[in-house]
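# Structure at a glance
Next come the chains, spelled out residue by residue.
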Amino acid sequence: MQAFNRLSAKWQATLLMLVAMLLFTVMGVFIRLAAQTIPVMEVVFFRNFLGAIILLPLILRSGIKTIKMVRPSLFAYRGIINFVGMAAGFTAVTLIPLAEATALNFTCPLFITLGAAMFLGEVIRIRRIIAIIIGFFGTLLILQPGISEISLGAMLALVSALCVAGASLLVKKMTETESVNAIVLWMVVIQAPISFVPAYFVWQWPDMNGWMLLISLTLAATIAHICFTRACGLVEITSLQHLEFVKLPFAAMIAWFMFSEVPDIWTWIGGAVIFLSTAYITHREARADRSMRPNHGIKESKL
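Residues numbered from 1 in each chain as written. Predicted model: local features only at pLDDT ≥ 70, side-chain atom pairs only at ≥ 80, totals over all residues. Heavy atoms only, no water.

### Focus on the environment of Glu244
Let me state the cut-off plainly: Think of it this way: any DSSP run of H or I at least four residues long counts as a helix, any run of E at least two long counts as a strand, and we number them from the N terminus. The rule is simple: take the accessible area with a 1.4 Å probe, protein chains only, and divide by the maximum for that residue type; under 20% is buried, over 50% is exposed, in between is partly exposed. We call two residues in contact when some of their heavy atoms are within 4.5 Å.
Checked against the element boundaries, Glu244 lands in the loop between α10 (208–234) and α11 (247–259). A residue is classified by how much of its surface remains accessible, and Glu244, at 18% relative accessible area, is buried. Along the sequence, Glu244 and Phe106 sit 138 residues apart, while their C-alpha atoms lie 8.9 Å from each other. In contact with Glu244, not counting residues within four places along its chain, are Met17, Met21, Phe106, Phe228 and Phe275.

### Some thoughts on the packing of aromatic side chains
To keep things clear, this is the line we draw: Centre distance within 6.5 Å is the pairing criterion for rings of Phe, Tyr and Trp, where only the six-membered ring of Trp is used; planes under 30 degrees apart are then read as stacked, over 60 as edge-to-face, and the remainder as tilted.
Inspection of the entire model under this criterion finds 14 aromatic pairs. Where Phe45 meets Trp203, the ring centres are 5.9 Å apart and the plane angle is 65 degrees; that geometry is what we call edge-to-face. Here Trp203 lies in the loop between α9 (180–200) and α10 and Phe45 lies in helix α3 (residues 40–60), a separation of 158 residues in the sequence. In this structure Phe45 comes out as buried when scored by relative accessible area, which is 9%. Classification of Trp203 by relative accessible area gives partly exposed; the value is 24%. A ring pair is formed by Phe196 and Tyr200, whose centres lie 6.0 Å apart and whose planes are at 50 degrees; its orientation type is tilted. In this pair, Phe196 and Tyr200 are both assigned in helix α9, 4 residues apart and thus about one turn of the helix distant.

### Some remarks on α3
The condition is simple: Here, expected helix span is obtained from the residue count minus one, scaled by 1.5 Å. In this analysis the local bend is the angle between axes fitted, respectively, to the seven residues ending at and the seven residues starting at the residue.
Here α3 spans 30 Å end to end across 21 residues, near enough to the 30 Å set by a 1.5 Å rise per residue. Maximum bend of α3: about 25 degrees, positioned at Ile54, with proline Pro57 one to four residues after it.

### Structural notes on the packing of helix α4 (residues 72–95) against helix α8 (residues 152–174)
Worth spelling out the cut-off: Axes here refer to lines fitted to C-alpha atoms; in helices the fit is confined to the stretch in contact. Angles between the N-to-C directions go from 0 to 180 degrees. Here roughly perpendicular refers to angles of 65 to 115 degrees, roughly parallel to angles under 35, roughly antiparallel to angles over 145, and oblique to all remaining angles. By convention the crossing between two helices is left-handed if the near helix lies anticlockwise of the far one by an angle smaller than a right angle, and right-handed if it lies clockwise. The residue classification treats Ala, Val, Leu, Ile, Met, Phe, Trp, Tyr, Cys and Pro as nonpolar and Asp, Glu, Lys and Arg as charged. All others, Gly included, are polar.
α8 packs onto α4 with a crossing angle of 155 degrees between their chain directions and a minimal axis gap of 7 Å. The orientation of α4 relative to α8 falls into the category roughly antiparallel. Here α4 runs over α8; the crossing is left-handed. Counted by class, the contact of α4 with α8 contains 17 nonpolar, 7 polar and 2 charged residues.

### Re the pattern of salt bridges
Stated formally: For this document, the term salt bridge refers to a Lys or Arg side-chain nitrogen within 4 Å of an Asp or Glu carboxyl oxygen.
Per the counting criterion, the structure on display carries 2 salt bridges. Residue Arg32 is joined to Glu261 by a salt bridge in which the shortest nitrogen-to-oxygen separation is 2.4 Å. Here Arg32, found in helix α2 (residues 9–35), pairs with Glu261, found in the loop between α11 and α12 (265–289); they are 229 residues apart in sequence, far enough to count as distant. Using a relative accessible area of 16% as the deciding quantity, one classes Glu261 as buried. As a salt-bridge pair, Lys173 and Glu176 come within 3.9 Å of each other at their nearest N and O atoms. Overall, Lys173 belongs to the partly exposed group, its relative accessible area being 34%. Classification of Glu176 by relative accessible area gives exposed; the value is 55%.

### Notes on α11
The end-to-end C-alpha distance of α11, which contains 13 residues, comes to 17 Å, matching closely the 18 Å that a straight helix rising 1.5 Å per residue would cover. Residues of α11 that are buried include every one of Lys247, Leu248, Ala251, Ala252, Ile254 and Ala255, and no others. Remark: Ser260 follows α11 within two positions and exhibits a positive phi of approximately 60 degrees.

### Things to note about the layout of surface pockets
Note the cut-off: Both cavities and pockets are sets of points on a 1 Å grid over the protein atoms alone; in a cavity a 1.4 Å probe fits but cannot get out, in a pocket the set is open with protein on both sides within 12 Å along at least five of seven lines, and lining residues sit with an atom within 4 Å of a point. Grid points are joined across faces, edges and corners, and a volume is the space filled by probe spheres set on the points.
Quantified by volume, the second largest pocket comes out at close to 240 Å³. Lining the second largest pocket are 13 residues, and of these Gly115, Phe119, Ala165, Gly166 and Leu169 sit closest to its centre. Looking at the lining of the second largest pocket, the elements with two or more residues in it are α6 (108–119) and α8. The dominant element in the lining of the second largest pocket, judged by the number of residues it contributes, is α8, at 6 residues. Of the residues in the lining of the second largest pocket, the class split is 11 nonpolar, 2 polar and no charged.

### A short note on the environment of Gln204
Take Gln204: it is sitting in the loop between α9 and α10. Take Gln204: its relative accessible area is 41%, and that puts it in the partly exposed class. Along the primary structure Gln204 and Glu42 are separated by 162 residues, whereas in three dimensions their C-alpha atoms are 8.1 Å apart.

### Here's the deal with the packing of α4 against α9
Across the interface, α4 lies against α9 with an axial gap of 9 Å and an inter-helix angle of 60 degrees. In terms of axis orientation, α4 runs oblique to α9. Where α4 crosses over α9, the handedness of that crossing is right-handed. From α4, Phe75, Ala76, Arg78, Gly79, Ile80, Asn82, Phe83 and Met86 reach across to α9, where they touch Ala182, Ile183, Trp186, Met187, Ile190, Gln191, Ile194, Ser195 and Pro198.

Rendered as structure tokens:
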């Protein structure tokens, strides 16, 4: 720990980001393994239930006032949308290769940019529009429509990315009035009862191996989010964007070792195209945020 603290903020953020990306990938492995012992909807429920148990004592140290909801309706909408995204994403991981699910997940920033323009009134210029088009072309490279049948798992992976994008836009709105502690805690607290409803109809109590996998899944997800959040607090997020691509080789190596999966060339090419387009969009949005100017009562980017 002392050696880590002696590193510069840039290197600390880089290491934290790499750990986060690795744990997010490992989380996918635990999801698939846990879903082999209990129904996937139970996995979703326990991810939220155990997450709430872990987070509650940590967050309450800051005081009960830090989790007060100013606009409860936004929390409810976010919980529902995020639950659908989580259910779709968890199911996708059990149906398609881990690397393919990871590559398709790179489309999330594309949906966020489109959603921000459609629902939040943000202006996007021609360069970012072209980047979005290129990003979705990368998605077509992975899916190969007309050449091979688009699988249910691939469609669910895209539904998950779309829902996560919608939830992210709600979080962006929520940060105007809500605390970070409230946003983090109430997500799992609200999603736990929502996910219990479908889980109830397929309920099977986990065995000892199942409990270990569920606890490992929850710990991996929680630690990954903590590392990611801390990394973003040390440096600008745009300087870390390129590191998110390591999820694809991580997924390929772990899936090969655990499940003997080998991603095809189009997963690599399509994933790279999607990632590069989203990285460019993030870069342009960061530059736009730094160059906002008043224009007839609204803010418009010079870019």
